[in-house]
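Here are the chains, one letter per residue:
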Amino acid sequence: MVNNGGLTLEDLGRSVVDLVVTEDLIRRRATALFPAARREERELKVLGKVSRLTLDVQPGEAAVTRGTSGAFDVAIAHALTVRVETAGEAEAAVHQLGATVTLRVTPRPCAPLGIFLDVAEPAAESILFAEPQAGASDFLRGRIEEEVRRELLRLVRARLAESHAERTVDLEGPLARALGVAGDAERARDAPPPSRLRGAGVQAGGAATQPGALASELDAQLRALGDAMPLQVWSARPDGKLDFVNRVVLDYSDRTEAQILGEGWLAMVHPDDVEKTVAAWTRSLETGEPYYTEFRLLRASDQTYREHVVRALPQRDRAGSIVRWLGGTTDVADARKVEAALRRSEARYRLFAEASNEGIWFWNIREDTVEWSDRLLELVGVRREAWGETFMSFFERVHPDDRGALQAALKAHLEQRRPFRVEYRLRHEDGSYRDVFTRGMADWDDKGVPFQMAGGATDITERKRHEAMLQERLEIIEQQQEAIRALSTPIIEVWKGVLTMPVLGVLDEQRSQQMMEVLLEAVARTRCRHAIIDLTGVSAVDAATADHVLRLIDAVAMLGAQGIVVGIRPEVAQTVVSLGLDLSNIKTLSNLREGLRFAMQSSGMSVRRRRRRRARREDADDAPAPPSEREG
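Since the structure is predicted, the reported quantities are computational estimates derived from the model, not experimental observations.

Basis of the calculations
Residues numbered from 1 in each chain as written. Predicted model: local features only at pLDDT ≥ 70, side-chain atom pairs only at ≥ 80, totals over all residues. Heavy atoms only, no water. Helix = DSSP H or I, 4+ residues; strand = E, 2+ residues; numbered from the N terminus. Buried < 20%, exposed > 50% of the residue type's maximum accessible area, 1.4 Å probe, protein only. Areas by Shrake-Rupley, 256 points an atom, 1.4 Å probe, with all protein chains shown as cover. Core = buried A, V, L, I, M, F, W, Y, C linked by side-chain atoms within 4.5 Å. Contact = heavy atoms within 4.5 Å. Pairing = 2+ DSSP bridges. Axes fitted to C-alpha atoms, helices over the stretch in contact; angles between N-to-C directions. Arc of directions from axis to C-beta. Patch = residues over 30% accessible without salt bridge, like charges linked within 9 Å, V, L, I, M, F, W, Y side chains within 5 Å. Salt bridge = Lys/Arg side-chain N within 4 Å of Asp/Glu carboxyl O. Parallel < 35°, antiparallel > 145°, perpendicular 65-115°, else oblique. Left-handed = near helix turned anticlockwise from the far one by under 90°. Nonpolar A, V, L, I, M, F, W, Y, C, P; charged D, E, K, R; others polar. Polar contact = N/O pair within 3.5 Å; in protein donor to acceptor, adjacent residues only side chain to side chain. Phe/Tyr/Trp six-rings, centres within 6.5 Å; stacked < 30°, edge-to-face > 60°.

(A) Representation of the overall build of the chain. The number of helices and strands found in the chain is 20 helices and 22 strands. Looking at the chain as a whole, 36% of its 632 residues are labelled buried. Counting every atom, the chain has about 37,200 Å² of accessible surface; 51% of that belongs to carbon and sulfur.

Listed below in structure tokens is the structure:
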């Protein structure tokens, strides 16, 4: 089946494939791989709320694009109607989504004479959603898109798993017709299998290729391939001496091939690493095991030794003997620096987290997975293997009375980007609750949909307990202060229409204000005519104290009562005179008795007259009863 030009059956088959496998064929075959119009239902949990998601899928027309290496990209648009019914909410939310699912289809030859449409495993990136409408790019829509993506991937993968036979295109008939043997299917099936190496072992006219020529051709192909690779590639003879290095090695070392081949490459290795490198290479040569080691290699551009990782595998003939070593060397200096910097950063962050007594959490919103640090697991007393690692496994531990506030704070942050800071109670494994303060921040994609969130949590149980104790003590102190203030500003109604307020100790701004409030309230309530302010208990006075008294008298007068000051001590009087204070408009008397007498006289009542009336009543009570009453 080989013509004079060296064309194999495989070459002819590929030519026929190019004619048979067209965009139209791919479109028809690939469309069958997508799920037909259908309805799916599943449960959706968003921020601790359980919802029912109903998904109506309507596939559209497929678009086929011929890509590189004979592959095809098949994209089919889907119109989706998503209905979300959430417990506790009166109306269901309906979302209209547009999604495009793209599959990579690669036609591959298969036995006996056919082509198999190999479909690459669909990934999450193969499903793209249309741009949302203005204002519709919220957290809930993002969660719905992820659920829809998972469902579409599940449906497509299930369909691919059961469609293996449907993806085989039979080429036996077209190939037989192209060869002029139509109708002789058995002859076509009996044809020798095509060679995987075009023209390998066959010369024009059917002569076999000499082994030496084939080896030279393979060696040339190896060199061409090695020079095309961006890595440091080399090969060595069975005795370990290098017989080939690619262009990258020469450029890196700025040396000629003659300087490196054989054992010349050892001159590039750091002197301190030569011994261990030779030992590892010798061990592989003796045992035939793969060669792996690390050493520092000189870079010519800056004359610095940089860390490298080197690997090599033995190539064996049919008898199992090693005929060649193929290896590669990779500069890992920059990667090691990045890894070291990352380790230092992680160590600093871990130290910070442990020193600050703060637990760290990370929430992958799209996959609905939550990671907790050891400190957080310790806080709730749960082992890592028992931790559910989902949002619901965390949310179920939140105290029922605190879940609403947590949901509201998360929703405000994810949809409105408000700062996320919230306190709640978290259930410990022993059933008790710990007070926790949490703060965090989300990441949003270019569509404004949050896809991940991270933050820290602090156990504030002890702080809350101390705050409660402090608040209780402050309330007790406040009650005591109220009692003291009540005792320090007593109001006594010594006579009908006459109030007195004894003042003890120091009269400052705060106490003066309190006295005024208490006295004015009493004057208004009793509608008294006189208010006596007794300063007998005040041993010293200054300008501020005197000003307080004057303002108190003026305030009383505004309510229609007369203020009277009594009990001014001699030393207080001297201070008032020395300060030059004018008390001429204030009624001052020597003591409370005189103040009371003045108030009573101002009211038109004589104390002496009252005493006489009292004496007459007492005499009348002591007189003997009349005879008629005694007889009775």
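From this point, the narrative continues.
(B) Representation of the nonpolar core in the model. Within the largest apolar cluster, 65 residues are counted, with the highest numbers of intra-cluster contacts made by Val148, Trp363, Trp372, Phe394, Leu406, Leu426 and Met453. At seven residues, the largest contribution of residues to this core is made by helix α3 (residues 139–161). Look past the residues within four positions of Met453 in its chain and what remains in contact with it is Trp361, Phe362, Trp363, Ile365, Leu410, His413, Leu414, Phe420, Gly440, Met441 and Ala442. With 21 residues, the next largest nonpolar core counts Met516, Val523, Val556 and Ile586 among its residues.

(C) Geometry of the pairing of strand β14 (residues 369–372). Taking every second residue as pointing to the same face, the buried face of β14 carries Val370 and Trp372, while none of Thr369 and Glu371 on the other face is buried. Of the strand pairs in this sheet, strand β13 (residues 358–364) and β14 are connected by four bridges, and their pairing is antiparallel. Bridged to Phe362 within β14 is Glu371. Count of turn residues in the β13/β14 antiparallel hairpin: four residues, of which Asp368 carries a positive phi of about 55°.

(D) Just the sheet that holds strand β11 (residues 304–316), in detail. In space, the five strands of this open sheet follow the order β9-β8-β12-β11-β10, with antiparallel pairing throughout. Each of the sheet's edge strands pairs with one partner strand only, and the pair in question is β9 (242–245) and β10 (291–299). Along the sheet, successive strands turn relative to each other by an average axial angle of 30°, direction set aside. Sheet topology note: the strand β8 (residues 232–236)/strand β12 (residues 322–331) ladder contains five bridges and is antiparallel. Its bridge partner lying in β12, Ser235 is registered against Leu326.

(E) Structural detail: helix α2 (residues 23–31). All buried positions along α2 are accounted for by Leu25, Ile26 and Ala30. Down the axis of α2, the sector holding all buried residues measures 115°, keeping them to one side.

(F) Spatial organisation of the pairing of strand β2 (residues 49–66). Looking at chain direction, strand β1 (residues 38–46) and β2 are connected through nine bridges and run antiparallel. Paired with Arg38 across the strands is Val57, a residue of β2. Here β1 hands over to β2 after two residues, with Leu47 in that stretch at a positive phi of 50°. In the sheet, β2 pairs with strand β3 (residues 72–86) via 14 bridges, with the strands oriented antiparallel. Paired with Val57 across the bridge in β3 is Leu80.

(G) Main features of the sheet that holds strand β21 (residues 562–566). Taken in spatial order, the five strands make up an open sheet running β18-β19-β20-β21-β22, and their pairing is mixed. The strands lining the two open edges of the sheet, one partner per strand, are β18 (492–495) and β22 (587–589). When strand polarity is set aside, the average angle formed by the axes of neighbouring strands in this sheet is 30°. With three bridges joining them, β21 and β22 adopt parallel strand pairing. Considered in β22, the bridge of Val566 is made with Leu589.

(H) Just a nonpolar patch on the surface, in detail. A contiguous nonpolar surface patch, about 260 Å² in accessible area, is contributed by Leu470, Leu474 and Ile477. Positionally, Ile477 belongs in helix α14 (residues 461–488).

(I) Here's a closer look at the packing of helix α15 (residues 509–526) against helix α16 (residues 543–558). The geometry of α15 relative to α16 is characterised by a closest axis approach of 10 Å and an angle of 20° between their N-to-C directions. Taken as axis vectors, α15 and α16 run roughly parallel relative to one another. Read as a crossing pair, α15 and α16 show a hand that is right-handed. Together, Glu509, Ser512, Met515, Met516, Leu519 and Leu520 of α15 and His548, Arg551, Leu552, Ala555 and Val556 of α16 make up the contact between the two elements. Counted by class, the contact of α15 with α16 contains seven nonpolar, two polar and two charged residues.

(J) Layout of the pattern of salt bridges. The full count for this structure, using the stated rule, is 37 salt bridges. The closest approach of N and O atoms between Glu151 and Arg154, which form a salt bridge, is 2.5 Å. Of this pair, Glu151 and Arg154 are both found in helix α3, three residues apart, which corresponds to roughly one turn of the helix. On the accessibility criterion, Glu151 (5% relative accessible area) is buried. On the basis of relative accessible area, Arg154 is assigned to the partly exposed category, the value being 43%. Counted as one network, the salt bridges with shared partners bring together Arg38, Glu40, Arg42, Arg143, Glu147, Arg150, Glu151 and Arg154.

(K) How the structure looks around the side chain of Asn246. The residue Asn246 is located in the loop between β9 and α7 (247–253) in this model. By relative accessible area, which is 0% here, Asn246 ends up buried. Residue contacts for Asn246: discarding those within four places in its chain leaves Gly226, Asp227, Met229, Leu231, Gln232 and Val233.

(L) Broad picture of the side chain of Arg149. Following the sequence through the fold, Arg149 ends up in helix α3. Of the polar contacts made by the side chain of Arg149, one reaches the backbone oxygen of Ala124; its length is 3.1 Å. Residue contacts for Arg149: discarding those within four places in its chain leaves Ala124, Ile127 and Phe129.

(M) Region of the structure containing the packing of aromatic side chains. Counted by the stated rule, this structure contains nine aromatic pairs. Aromatic pair Trp372 and Phe394: ring centres 6.0 Å apart, planes at 70°, arrangement edge-to-face. Within this pair, whereas Trp372 is found in strand β14, its partner Phe394 is found in helix α12 (residues 391–395), the two being separated by 22 residues in sequence. Residue Phe394 is classed as buried on the basis of its relative accessible area, which comes to 11%. Taken together, a centroid distance of 6.0 Å and an interplanar angle of 75° make the contact between Phe394 and Tyr424 edge-to-face.

(N) Fine view of unusual backbone geometry. Positive phi outside glycine occurs at Asp254, with the angle close to 55°. In this structure, Asp254 sits in the loop between α7 and α8 (257–260). One non-glycine residue, Asp368, adopts positive backbone phi at about 55°.

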